[in-house]
Amino acid sequence: MTDDHITETTNRVMTQWNNDQSNLLQMLIDLQQALNGIPESAINQISAGTRRSPADIESVIGFYSFLHHDTHNPYRVLFSDNITDRMLGSRALAEHLNSRLQDIDTATVDYTSCTGMGDQGPAALVNGHTLTRLDKERIDQMAALMETNTPLSDWPAEWFRVDENIRRRDLLLETDFEKGSAIKCALESGAEKILEELDASGLRGRGGAGFKTAMKWRFCREATGDNRVVVCNADEGEPGTFKDRLLLQSFAERLIEGMTVCAKVIGATTGFIYLRGEYLYLRDELESKLQRYRDAGLLSKDIHGEAGFDFDIKIHLGAGAYICGEESALIESLEGKRGIPRIRPPFPVTSGYLNRPTVVNNVETLVAAAMIAVHGAAWFRTKGTEQSPGTKLLSISGNCLKPGIYEYPFGTSLEVILKDCEATHVQAVQIAGAAGSCIPPSEFSRSIAFEDLATGGSFMIFDRERNLLEMVQNFTDFFVHESCGFCTPCRVGTSLLKKRLAKVASGRATGVDLEKMRIIGSLTRQTSHCGLGMTAANPILETLDKFPHIYEPHLLSTTFEPAFNLDASLEEARQITGRDDPDAHLQGGGV
Amino acid sequence: MADKVKVATASLAGCFGCHMSLLDIDERIIDLVELVEFDRTPLTDIKEIGDCDVGIIEGGVCNAENVEVLREFRRHCKILVSMGACSINGGIPAMRNQYQLKECLEESYLHGMGVEDAQIPNDPEVPLLLNKVHPIHEVVKVDYFLPGCPPPADTIWTFLEELLSGEPIEFAYRQIHYD
Ligand SMILES: Cc1cc2nc3c(=O)[nH]c(=O)nc-3n(C[C@H](O)[C@H](O)[C@H](O)COP(=O)(O)O)c2cc1C
Ligand code: SF4
Ligand code: SF4
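Residues numbered from 1 in each chain as written. Chains lettered and ligands numbered in written order. Predicted model: local features only at pLDDT ≥ 70, side-chain atom pairs only at ≥ 80, totals over all residues. Heavy atoms only, no water.

*Asks:* When you look at helix H22 (residues 538–546) of chain A in this model, what are you seeing that I'm missing?
*Replies:* Two residues of an α-helix separated by three or four positions point the same way, owing to the 3.6 residues in each turn. All names here are of chain A. Taken across its 9 residues, H22 has 7 buried, putting it largely inside the fold. For H22, the full list of buried residues reads Asn 538, Pro 539, Ile 540, Leu 541, Glu 542, Thr 543 and Leu 544. Buried positions along H22 lie against strand E13 (437–439), helix H18 (468–482), helix H19 (488–505), helix H20 (511–527) and helix H21 (531–535). (Buried < 20%, exposed > 50% of the residue type's maximum accessible area, 1.4 Å probe, protein only. Helix = DSSP H or I, 4+ residues; strand = E, 2+ residues; numbered from the N terminus. Contact = heavy atoms within 4.5 Å.)

This is the structure in structure tokens:
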């Protein structure tokens, strides 16, 4: 790669993003796509153009796990490392690929957090593009293509196919939607009427926290400040969740209109879809759908012929940071910074993107809002419970015969769901992702609802063959990796928990270690800055209570055991000194 | 005399700074010896530890002897206290953890400046080094941690006073925070 080429490409990318420093992350992502990495020689140029210091730019690159400097490897394969991918054999496949590629130095193989393909894994990303349904044969074929330096555009399209996998439709997915209808209804009824209808519908946020959508929109509408913003949270980072993927892929019209209805209500001019980097494959199609909306007069200027109703939507990509799903970290990321959660209050509704009043909503929430704008609150309330009206999309994966996307009315019990997806001999269901709850069979009569088991949509099933300790370790590793590092309880606490778990799994732990995990876990929960840290100990604390038998067989009966093997720890010194006398050994473990 | 509380202390992979800080309680040491009897400690030069009420450890664990001494302390002490940054986190000695043991030894004994008759010691008298330096709670159960490098004399004094009088251990903010 010549210096001129780097300079030219950098210039082009920066111009595309208006040299605007709040678009720094987007520039870096596009530059990496164009050049296979971010050349260090481009940093000064970006710094001059965006007026952000080189150290600041480096700190952004360092924060996002997908960004890297190395431009020499034409292929970068990242295997999805969620427990459901592992259960489908992803680790063995990654090792197989690694061994196949040993002789060529044009590819790297590594792991990444859940890529949102739990229903069609094992999955991976190659240079950011999603690969599904991997198996040994396909890995061999991939290796062959990499050995011959075949560009991705010449790889079989079938490998990149992402299926919808809708297994059950209800209110949202079953009801037809006519393009433009939600915008039309919103304009006819006016902002106040729409808000009332939304309030009557009882719609609550689908991203996890369940905040009343009408209330959020009203707070924002009543906040002072110009240039309001609507943000669609399409970060879908919760391990095991992939329902927003479907909505973005096949129901994007409803999403676009949901955002536009929100814009009408709060008086926004700018909209963002914050699309997780793992869903890069959706970007072009979403862009063209937005363009079709503009062409049809349903986006941009004088929307639907209403003079002065101007609103447009941009897509911003994430770059492999789960924390950017947290709304204030997401806003930081939209501003081109490291995704570190803000101190709240102020909340985004009064001071969000560039300190403007901002609504952040999950994809599913906005889709539901569009449908309510058309069909009304009564229609929405035909399904669900009093406190949780409507339906919920679930992403079902793990040990069942029919993984995929299921839409259920709130109030549906786990029993019914497990029967529908044909799961048998179930040991546990992990609801609401890594930070959620681990439910034993004795509680399968409980149901999906804000008043019982609240969930963003992740539903992972583990049958009796599974070792749940592996699940707990997988989730804890996830939090260690995804902790943004800003506050000590989370950054250090998650690592301490990971170490203790490894001690348990290796059979060197005692009851004292479980007690320590409880103490560290509850300290992390109580003292962390944001939701990630507050929930990071959940997998351990939940299973210690509900599944103690996954720990107990690993414990020694002594009161305490060292964290490492004492005698093995002298091995290096024995080799260097050539000693093997009795004093060159340590007998026994704990006291 | 018989019902005096028995205290033992040891410095493992530490710099003796924590022990120096203990001595910095100055004349209060006279009050202290009214209350306690020192067993094995560098102050008494007793080499073998007997049954004790409280054991206080400075420094982390870097070699086989440290492990043995520490386990002896755990076996003989009802209460074991981890004193200072080295004992709690590995501290300065643990900075070698980012290198291989071989690299460290070669740097010191083979390639270091002014080394004559270069060889890595292998006399059985010399305790073998562990691959890595560890905090003491990774080897034995620890009951109390006294942070600081070293913990100030006042902190150590407050701790001992409270422990000996059976009160809950509590510190003023300035005694254990160094910001
Ligand atoms: C660590 C963390 C990760 C989150 N990830 C997501 C996510 O991927 N998608 C999402 O919609 N909400 C996520 N949230 C919740 C958002 O902060 C926010 O509550 C939500 O986007 C609001 O939209 P809603 O009211 O429509 O649910 C996350 C929260 C935390 C603490
Ligand atoms: S709790 Fe974790 S993710 Fe949240 S701010 Fe602190 S370090 Fe970052
Ligand atoms: S904590 Fe500080 S004073 Fe104590 S032994 Fe370590 S280096 Fe020395």
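Structure's up, so let's keep going.
*Asks:* Is there a simple way to explain a nonpolar patch on the surface in this structure?
*Replies:* A cluster of nonpolar side chains, contributed by Phe16(B), Met20(B), Leu23(B) and Leu43(B), occupies part of the molecular surface with about 350 Å² of accessible area. Here Leu43(B) shows up in the loop between strand E2 (36–38) and strand E3 (52–58). (Patch = residues over 30% accessible without salt bridge, like charges linked within 9 Å, V, L, I, M, F, W, Y side chains within 5 Å. Areas by Shrake-Rupley, 256 points an atom, 1.4 Å probe, with all protein chains shown as cover. Salt bridge = Lys/Arg side-chain N within 4 Å of Asp/Glu carboxyl O.)

*Asks:* Which parts of the structure should I look at to understand helix H3 (residues 43–50) of chain A?
*Replies:* All names here are of chain A. If you check which residues of H3 are buried, you get Ile 43, Gln 45, Ile 46, Ser 47 and Thr 50. Each element contacted by the buried residues of H3 is listed here: helix H1 (3–16), helix H2 (24–35) and helix H4 (54–63). Where H3 ends, the next residue or the one after it, Arg 51, has phi of about 55°, a positive value.

*Asks:* Even after reading the chapter, I still don't get the site of ligand 3, so can you show me in this structure?
*Replies:* Residue and element names in this part refer to chain B. In the region of ligand 3, the neighbouring residues are Gly 14, Cys 15, Gly 17, Cys 18, Glu 58, Gly 84, Ala 85, Cys 86, Gly 148, Cys 149 and Pro 150. Elements represented by at least two residues in the shell around ligand 3 include exactly helix H1 (17–23) and helix H4 (85–89). Its residues assigned to classes, the shell around ligand 3 comprises 6 nonpolar, 4 polar and 1 charged. (Near = heavy atom within 4 Å. Nonpolar A, V, L, I, M, F, W, Y, C, P; charged D, E, K, R; others polar.)

*Asks:* How should I be thinking about the site of ligand 1 in this particular structure?
*Replies:* Residue and element names in this part refer to chain A. As a matter of local geometry, ligand 1 sits amid 18 residues, with Gly 207, Asn 233, Asn 361, Asn 362 and Thr 365 nearest to it. Contacts to ligand 1 include Glu 236, whose backbone N or O atom sits 3.1 Å from an oxygen atom. The contact in question runs from an oxygen atom of ligand 1 to an N or O atom on the side chain of Asn 362, over 2.7 Å. Burial of ligand 1 by the protein amounts to 88% of the accessible area it has alone, namely 610 Å². Of all the secondary-structure elements, those providing two or more residues to the shell around ligand 1 are strand E9 (358–362) and H21. (Polar contact = N/O pair within 3.5 Å; in protein donor to acceptor, adjacent residues only side chain to side chain.)

*Asks:* I'm lost on the interface of chain B and chain A in this one. Help?
*Replies:* Bring the parts together and some accessible area is lost; that lost area is often taken as the interface size. Across the contact, 27 residues belong to chain B and 24 residues belong to chain A. Summed over both sides, the interface between chain B and chain A buries roughly 2,200 Å², with carbon and sulfur atoms accounting for 64% of that surface. Counting across the chain B and chain A interface gives 0 salt bridges. Summed over the shared surface of chain B and chain A, the number is 8 residue pairs in polar contact (both at pLDDT 80 or more). Counting only elements with at least two residues in the side of chain B that touches chain A, the list comes to helix H3 (64–76), helix H5 (101–109) and strand E6 (129–134) of chain B. No other element matches the 6 residues that H3(B) contributes to the side of chain B that touches chain A. For the side of chain B that touches chain A, the class distribution of residues is 13 nonpolar, 5 polar and 9 charged. (Buried area = accessible area lost by both parts, 1.4 Å probe.)

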